[in-house]
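# Observations on chain architecture
Each chain is listed here by its residues.
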Amino acid sequence: MSQDPQHSSAHLVDRSPSISGAELVATLVPPRQFDGASFDSYRPDPEYPSQAEARDTLRAFSEPEAPMSRGGFFGFGRKKAAAEPRPNTPAKPGVYLDGGFGVGKTHLLAATWHATAGRKYFGTFIEYTALVGALGYSGALGVLQGARLICIDEFELDDPGDTMLMTRLIGDLVKTGSRIVATSNTPPNALGEGRFAAADFMREIQAMADNFVTIRIDGTDYRQRDLDGDAVSLSDEAYRFALADAAAAGERTTDDDFGTLVAHLATVHPSSYFGMLTGVQCIGLRDVHELTDQSAALRFVAFIDRVYDAQIPIRATGAPLTTIFGGGMLDGGYRKKYLRCMSRLNALTQGEIAS
């Protein structure tokens, strides 16, 4: 007879981890699913030539002494020999990958990290802002400066303060010789568009953009190529069997009420969400329902980002997880962030339980 998962599983709401600055620094490496990411293992779609061009540009960028020339803000970077720089044209120290969901931006970012020798860091936008929060600006700069490469994934804006902080950090790191590669679903001159119109904020955006050659990557979401419809929602009985079978196979499962977990996320700093997932191999969520509070929705998006990084499958009941962003959220300024999360939720609920 199967066990009741509510009695045999752990609960994410019982976990309230905190993380120190030193622990944050130790996490600044690519997610484990990108441990083997390389330029050779990247498979560009021949129907979208920009994918191969992005790969070749970053391969050149990762080579020693191969700066990128200024080629127009939205033009593709071209490799130019360091010994023969174009007159009066300084090399840009950064590459910015702009594109839709699932076109391989994070794979290329991780491939660049793996191909670059020397001290280097890889983290999401929120992880770098959390590092500044933990160590202070000077402390975070002291840790990061001198690194050969800084990779910033998911450069998206929740408020202008974080953006101005990151643009300042990028500027100071560039001054000390670091090279920057960043990804986002929005090009740097459009970050915050439609949300914040303050003149000083827009100046910060342009200051950041001036450091980057921007590469636009087109393509279809690889996570959806073999997936159909919405995220999978199970019946109560199927849910119980799914978690019981996972537990019987030795998997560490968790079982939580969706609404209770969403409320709990407000009590944990987003930089510590990955700590909630330590040892977890399957997540169960009961009674999923639509979210109408944007702050709660954004916290859940940040949590799912960490779940996806850890490649932990989700089993859920109630509304499909791809339908939870209500109240006009998909028509607002965070539309791209929600759509990316929906793509990941679809993959996580349809994937096999990790071993």
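Residues numbered from 1 in each chain as written. Predicted model: local features only at pLDDT ≥ 70, side-chain atom pairs only at ≥ 80, totals over all residues. Heavy atoms only, no water.

Turning next to the overall build of the protein chain. Along the backbone of the protein chain there are 12 helices and 8 strands. Put simply, the protein chain has 355 residues, and 51% of those count as buried. The contacts in the protein chain between residues at least 6 apart in sequence include a share of 83% that link residues at least 24 apart. With the model as given, the accessible surface of the protein chain reaches about 15,100 Å², and the carbon-plus-sulfur share is 50%. (Helix = DSSP H or I, 4+ residues; strand = E, 2+ residues; numbered from the N terminus. Buried < 20%, exposed > 50% of the residue type's maximum accessible area, 1.4 Å probe, protein only. Contact = heavy atoms within 4.5 Å. Areas by Shrake-Rupley, 256 points an atom, 1.4 Å probe, with all protein chains shown as cover.)

This next bit is on helix α6 (residues 160–175). Counted at 1.5 Å a residue, the expected span for α6 with its 16 residues is 22 Å, and the 23 Å between its end C-alpha atoms agrees. Looking only at α6, the buried set comprises T163, M166, T167, L169, I170, G171, D172 and L173. G177 sits one or two positions beyond α6 and adopts a positive phi of about 100 degrees. (Expected span 1.5 Å × (residues − 1).)

The next point concerns unusual backbone geometry. Residues other than glycine seldom take positive phi values, yet D287 does so here, at roughly 60 degrees. Residue D287 is classed as partly exposed on the basis of its relative accessible area, which comes to 45%. Even without glycine at this site, Q311 takes up a positive phi of about 55 degrees. Inspection of the secondary structure puts Q311 in the loop between α11 (294–310) and β8 (314–318). Judged by relative accessible area, which is 32%, Q311 ranks as partly exposed.

Okay, the pairing of strand β3 (residues 149–153) next. The element β3 is extensively covered by neighbouring structure, given that 5 of its 5 residues are classed as buried. Residues L149, C151 and D153 line one face of β3 and the alternating positions I150 and I152 line the opposite face, and both faces are buried. The pairing of strand β2 (residues 120–124) with β3 spans 5 bridges and is parallel. Across the sheet, the residue bridging to Y121 is I150, located in β3. (Pairing = 2+ DSSP bridges.)

What follows covers the sheet that holds β3. Ordered by their spatial adjacency, 5 strands build an open sheet running β2-β3-β4-β1-β5, and the pairing between neighbours is parallel. Of all the strands in the sheet, the pair left with one neighbour each is β2 and β5 (212–217). Each neighbouring strand pair of the sheet contributes to a mean axis angle of 15 degrees, computed without reference to strand direction. Of the strands in this sheet, β1 (94–99), β3, β4 (179–184) and β5 touch helix α3 (residues 49–62), which is tilted by about 150 degrees from β5. (Axes fitted to C-alpha atoms, helices over the stretch in contact; angles between N-to-C directions.)

Moving on: the packing of aromatic side chains. In this structure the tally under the stated criterion is 7 aromatic pairs. Where F125 meets F155, the ring centres are 4.7 Å apart and the plane angle is 55 degrees; that geometry is what we call tilted. With F125 in helix α5 (residues 125–144) and F155 in the loop between β3 and α6, this residue pair connects regions lying 30 residues apart in the sequence. In terms of burial, F125 and F155 fall into one category: buried. Seen in terms of ring centroids, F300 and F303 are 6.3 Å apart; in terms of plane orientation they differ by 35 degrees. Their pairing is tilted. Here the residue F300 and the residue F303 both occupy positions in helix α11, the gap between them amounting to 3 residues, near one helical turn. You can call F300 buried: its relative accessible area is 0%. Of the aromatic side chains, those joined through ring pairs into one cluster are Y96, F125, F155 and F212. Over the ring of W113 we find K120; its NZ or CZ atom is 4.4 Å from the centre of that ring. (Phe/Tyr/Trp six-rings, centres within 6.5 Å; stacked < 30°, edge-to-face > 60°. Lys NZ or Arg CZ within 6 Å of the ring centre and 35° of its normal.)

Across the sheet, which stays open at both edges, the 3 strands sit in the order β6-β7-β8 with parallel pairing between neighbours. Where the open sheet ends on each side, the last strands, each with one partner, are β6 (253–257) and β8. Looking at each pair of strands side by side, their axes are set apart by 15 degrees on average, direction ignored. Note: β6 against strand β7 (residues 282–288), 5 bridges, orientation parallel. Bridged to D256 within β7 is L285. Sitting on the sheet, helix α9 (residues 258–265) touches β6 and β7, and the angle it makes with β6 is about 95 degrees.

Relative to the 22 Å expected for 16 residues at 1.5 Å per residue, helix α12 (residues 335–350) spans 23 Å between its end C-alpha atoms, a close match to the ideal helical length. Every buried residue of α12 is listed here: K337, Y338, R340, C341, M342, S343, R344, L345, N346, L348 and T349. The inward-facing, buried residues of α12 contact α11 and β8.

Below, the discussion takes up the nonpolar core. Judged by nonpolar contacts, the single largest core of 38 residues is most densely connected at I283, L285, F300, F303, I314 and L321. Of all the secondary structure elements, the ones that give two or more residues to this core are α9, α10 (273–276), β7, α11, β8 and α12. With 10 residues, α11 is the largest single contributor of residues to this core. For I283, the contacting residues outside a window of four places in its chain are L12, T254, L277, F303, V307, I312, P313, I314 and R315. Core analysis: the second largest hydrophobic core is formed by 26 residues, Y128, L141, I150 and F155 among them. (Core = buried A, V, L, I, M, F, W, Y, C linked by side-chain atoms within 4.5 Å.)

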